[in-house]
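Each chain is listed here by its residues.
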Amino acid sequence: MNDMVYEHTQPGVLIRWALGLSMVLLAALWWSTGESGGGAGVIMGAVLSLVALALVLMHSLTVRVDEGGITAACGPGLIRRQVPLGAVRAARAVRNPWYYGWGLRLFPGGVLWRVSGLDAIELDLGRRRWLIGTDDPQGLLQAIEQARSQAAGPRARQGGEPARLFGRALRS
């Protein structure tokens, strides 16, 4: 039984614009050089393909909170991470500096997943923090607190399973 507490998809407006503009500029450069089969043309085609793939994979960020934990998935869901509720020591709304960047990246003390905006929820996972970008920080924080309080009844926050990324256990 999976009682849904929260699910929200944030469109990656900034990433869509940046990668879309990059694709247009790369395509224009490729076309203006007249290279399609030579070495430069192959390189331009490969770079354009990689930017298009990044756009498909990172165009949005969906966050789901239920009794199974907190799950974040980028774009169509090929890149995802789930953390059991018991692994979360604390959660709070934060506003990140612009220089932390967007996308999936390391920052001092943890990992950032952000597709647009500066607002995020910071999850304290022990030795690491996970910042999940959102355009609904209060709604997500409330859902996490509600799910943690519901999970605390039967299991009293025992620590749960380790966090997972691509199906592999991560250290906290």
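These notes cover the structure that comes with them. (Residues numbered from 1 in each chain as written. Predicted model: local features only at pLDDT ≥ 70, side-chain atom pairs only at ≥ 80, totals over all residues. Heavy atoms only, no water.)

**Some remarks on the overall build of the chain**
Then, number 1: Secondary structure summary: the chain contains three helices and 11 strands in total.
Then, number 2: Across the 172 residues in the chain, those meeting the buried criterion constitute 38%.
Then, number 3: Residue pairs at least 24 apart in sequence account for 57% of intrachain contacts in the chain once pairs closer than 6 positions are excluded. (Helix = DSSP H or I, 4+ residues; strand = E, 2+ residues; numbered from the N terminus. Buried < 20%, exposed > 50% of the residue type's maximum accessible area, 1.4 Å probe, protein only. Contact = heavy atoms within 4.5 Å.)

**Thoughts on the packing of aromatic side chains**
Then, number 1: What the rule picks out here adds up to four aromatic pairs.
Then, number 2: Relative to tryptophan 130, the ring of tryptophan 113 lies with its centre 5.6 Å away and its plane at 75°, an arrangement referred to as edge-to-face. Here the residue tryptophan 113 occupies a position in strand E7 (residues 110-114), and tryptophan 130 occupies one in strand E9 (residues 129-133), the gap between them amounting to 17 residues.
Then, number 3: Feature note: the residues Trp98, Tyr99, Tyr100 and Phe107 constitute an aromatic cluster, connected by ring pairs. (Phe/Tyr/Trp six-rings, centres within 6.5 Å; stacked < 30°, edge-to-face > 60°.)

**Considerations on helix H2 (residues 39-58)**
Then, number 1: Compared with the 28 Å implied by 1.5 Å per residue over 20 residues, the 29 Å span of H2 between its first and last C-alpha is a close match.
Then, number 2: Taken together, the buried positions of H2 are occupied by Gly41, Met44, Gly45, Leu48, Val51, Leu57 and Met58.
Then, number 3: Looking at the buried positions of H2, the neighbouring elements they touch are helix H1 (13-33), strand E2 (60-66), strand E3 (69-74), strand E4 (79-83) and strand E6 (103-107). (Expected span 1.5 Å × (residues − 1).)

**Focus on the sheet that holds E7**
Backbone-to-backbone hydrogen bonds pair the strands of a sheet. The strands run either parallel or antiparallel.
Then, number 1: Read across the open sheet, the five strands follow the order E5-E8-E9-E7-E6; overall the sheet is mixed. Each edge of the open sheet carries a strand with a single partner, namely strand E5 (90-95) and E6. Sheet twist, expressed as the mean angle between neighbouring strand axes with direction ignored, is 20°.
Then, number 2: The pairing of strand E8 (residues 119-124) with E9 spans five bridges and is antiparallel. Paired with glutamate 122 across the bridge in E9 is leucine 131. (Pairing = 2+ DSSP bridges. Axes fitted to C-alpha atoms, helices over the stretch in contact; angles between N-to-C directions.)

**Looking at the side chain of threonine 71**
Then, number 1: Structurally, threonine 71 can be placed in strand E3.
Then, number 2: In this structure threonine 71 touches Thr62, Val63, Arg64, Arg80, Arg81 and Gln82, once residues within four positions along its chain are discounted.

**Quick notes on the environment of isoleucine 121**
Then, number 1: Its place among the elements puts isoleucine 121 in strand E8.
Then, number 2: For isoleucine 121 and isoleucine 144, which are 23 residues apart along the polypeptide, the C-alpha to C-alpha distance reads 9.7 Å.
Then, number 3: When residues no more than four places from it in sequence are discounted, the contact partners of isoleucine 121 are Ala91, Arg92, Ala93, Trp130, Leu131, Ile132, Thr134, Pro137, Leu140, Leu141 and Ile144.

**Things to note about the packing of H1 against H2**
Then, number 1: The N-to-C vectors of H1 and H2 enclose an angle of 165°; their axes lie 10 Å apart at closest approach. Taken together, the axes of H1 and H2 lie roughly antiparallel to each other. For H1 against H2, the interelement crossing comes out left-handed. Across from Ile15, Arg16, Leu19, Ser22, Met23, Leu26, Ala27, Leu29 and Trp30 in H1, the residues of H2 making contact are Gly41, Met44, Gly45, Val47, Leu48, Val51, Ala52, Ala54, Leu55 and Met58.
Then, number 2: Split by residue class, the contact of H1 with H2 holds 15 nonpolar, three polar and one charged. (Parallel < 35°, antiparallel > 145°, perpendicular 65-115°, else oblique. Left-handed = near helix turned anticlockwise from the far one by under 90°. Nonpolar A, V, L, I, M, F, W, Y, C, P; charged D, E, K, R; others polar.)

**Quick word on the nonpolar core**
Then, number 1: In this structure, Leu61, Val65, Ile70, Trp113, Leu123, Trp130 and Ile144 are the most contacted members of the largest nonpolar core, which totals 35 residues.
Then, number 2: By residue number, the principal contributor to this core is helix H3 (residues 137-155), which donates six residues.
Then, number 3: One finds Val94, Phe107, Leu112 and Ala120 within the second-largest nonpolar core, a separate group that totals five residues. (Core = buried A, V, L, I, M, F, W, Y, C linked by side-chain atoms within 4.5 Å.)

Treat this as a map of the structure, not an account of what it does.
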